[in-house]
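Report on the structure
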There are 2 protein chains.
Amino acid sequence: MAASITLAVSTVIFALRPHPDTGHLALWLPLVRRIRSPHKGQWALPGGPLRADEDLAASAARNLRDTTALTPRYLEQLFAFGRPDRSDNRVAPENRTVSIVYWALVHADVASAGVESDNVHWFLAEDVPTLAFDHNQIIEYALWRLRNKMEYSRIATAFLGETFTLSELREVHEVVLERTLDPANFRRQIETSGDVIATDEFRMGGRHRPARLYRHNHSIELADNGPLTGR
Amino acid sequence: MAASITLAVSTVIFALRPHPDTGHLALWLPLVRRIRSPHKGQWALPGGPLRADEDLAASAARNLRDTTALTPRYLEQLFAFGRPDRSDNRVAPENRTVSIVYWALVHADVASAGVESDNVHWFLAEDVPTLAFDHNQIIEYALWRLRNKMEYSRIATAFLGETFTLSELREVHEVVLERTLDPANFRRQIETSGDVIATDEFRMGGRHRPARLYRHNHSIELADNGPLTGR
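The structure reproduced in this document is the subject of the present report. (Residues numbered from 1 in each chain as written. Chains lettered and ligands numbered in written order. Predicted model: local features only at pLDDT ≥ 70, side-chain atom pairs only at ≥ 80, totals over all residues. Heavy atoms only, no water.)

Section: the sheet that holds strand β8 (residues 163-164) of chain B
All names here are of chain B. Spatial ordering of the open sheet is given by β8-β10-β9, a layout of three strands whose pairing is antiparallel. Edge positions in the open sheet fall to β8 and β9 (196-205), since each of these has one partner strand only. Two strands pair when backbone bridges link them, and β8 and strand β10 (residues 208-216) are joined in this way by two bridges, in the antiparallel orientation. Within the sheet, the bridge partner assigned to F164 lies in β10 and is Y214. (Pairing = 2+ DSSP bridges. Helix = DSSP H or I, 4+ residues; strand = E, 2+ residues; numbered from the N terminus.)

Observations concerning the sheet that holds strand β9 (residues 196-205) of chain A
Residue and element names in this part refer to chain A. Reading across from one edge, β8-β10-β9 is the order of the three strands in this open sheet, with antiparallel pairing throughout. Every interior strand has two partners, whereas the edge strands, β8 (163-164) and β9, have only one. Pairing of β9 with strand β10 (residues 208-216) involves six bridges; the strand directions are antiparallel. Across the sheet, residue V196 finds its bridge partner in β10, namely H216.

Topic: the environment of B:I190
All names here are of chain B. Tracing the backbone shows I190 in helix α5 (residues 183-193). For I190, a relative accessible area of 11% corresponds to the buried category. With residues up to four places along the chain from it excluded, the contact list for I190 reads L166, L169, D195 and V196. (Buried < 20%, exposed > 50% of the residue type's maximum accessible area, 1.4 Å probe, protein only. Contact = heavy atoms within 4.5 Å.)

Examining the pairing of strand β6 (residues 95-105) of chain B
Residue and element names in this part refer to chain B. With ten of its eleven residues buried, β6 lies for the most part within the structure. The pairing of strand β5 (residues 74-81) with β6 spans seven bridges and is antiparallel. Following the sheet pairing, F81 is matched in β6 by S99.

Looking at the pattern of salt bridges
Residue and element names in this part refer to chain A. The full count for this structure, using the stated rule, is 18 salt bridges over all chains. The residue E174 makes a salt bridge to R170 at a minimum N-O spacing of 3.4 Å. Pair noted here: E174 and R170 are both in helix α4 (residues 166-177), with a separation of four residues, about one helical turn. Owing to a relative accessible area of 18%, R170 belongs among the buried residues under this scheme. (Salt bridge = Lys/Arg side-chain N within 4 Å of Asp/Glu carboxyl O.)

Printed below as a string of structure tokens:
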């Protein structure tokens, strides 16, 4: 078998935006309609072949820029998917593709203003259609990684703007982890963690009393990736 | 630039064997001497090009079998390393290699009986020479992952035989984490975790009183890899 192996980079991009029915925040991701075989017309993760002189993470950032006109707040390598049968070999048996997949978080307000067209569309993470290749499974794994990472790192702030209230930060956790958190416990845990810093500013909110704004503590990495931090 | 990209799989293989000076357990890994350019004659991680019809994990297991004549007790994808300048492009500028790296744990007693030759040699993890390509950095990252994983998963037992005493299990943790652990605390933590199961057998040890043997609880995965478990 003289098949050649194509190396592609794909990116799972998460943002929080309001749910169209409830108005509450929900997890969304953009997908791209395939314009060529195999799986022509089906939705898929943004991605494409790695360019000859391009770094892997740079290729993922390019996917993101091309799809959403955004730069990521957080970008991490997820996994390399390479089962020999993962592409539809009936159509092009000589074209095996190994995909190195990244996942990214972008800020909601900016994402809302992102590019949307006939061939790029944002879907609710809970309502993704049947995708090309093994991309449904890839998204399932990315969601699992996101939820795990949110428990033991500080990436929640990557979904938010420069400043945010503790209620907003708690809502991000609640949406991603799919469970409600006790406000007092959450406040205590965050305040002792040192992950966020209180500012002197407040958010004025209708009938509520003003809520203090916090910002991410930039002296702490969003996630601890050890010797690979910053790569 | 019309460079082609080669996809390779390499594997970092860890085992615990006695330190030649102290006799205490230490972390070892096998390396392979390169027999062709670039970096001919230098030590490197076992690995090679992905075969056209081969699964990624199967390729890693083949590296392991070819190098050590062993099957892994634990095998996990580590990271895809793909910086455009990571190969020595002066020698072969048209040959860029992206390496998908796995890491594996093998059982010490078996590893001791493994293949060793002019071109395969086991090194102490704390005493690895300057390797070809970016392989020193890859090992550094694999060590970081191993230490992290040992804190929140059950992989320590993969270094041991079918049955083991709690002292032996604690020694594995101490060697990998590079710190001493309180025996009573460790025993309490392990016993409440349910990760290991007490057998009715005992290890008789010279002047010491007999120590109960435990075995890994097979109903629990060695590490929680979510939707990718078993892949």
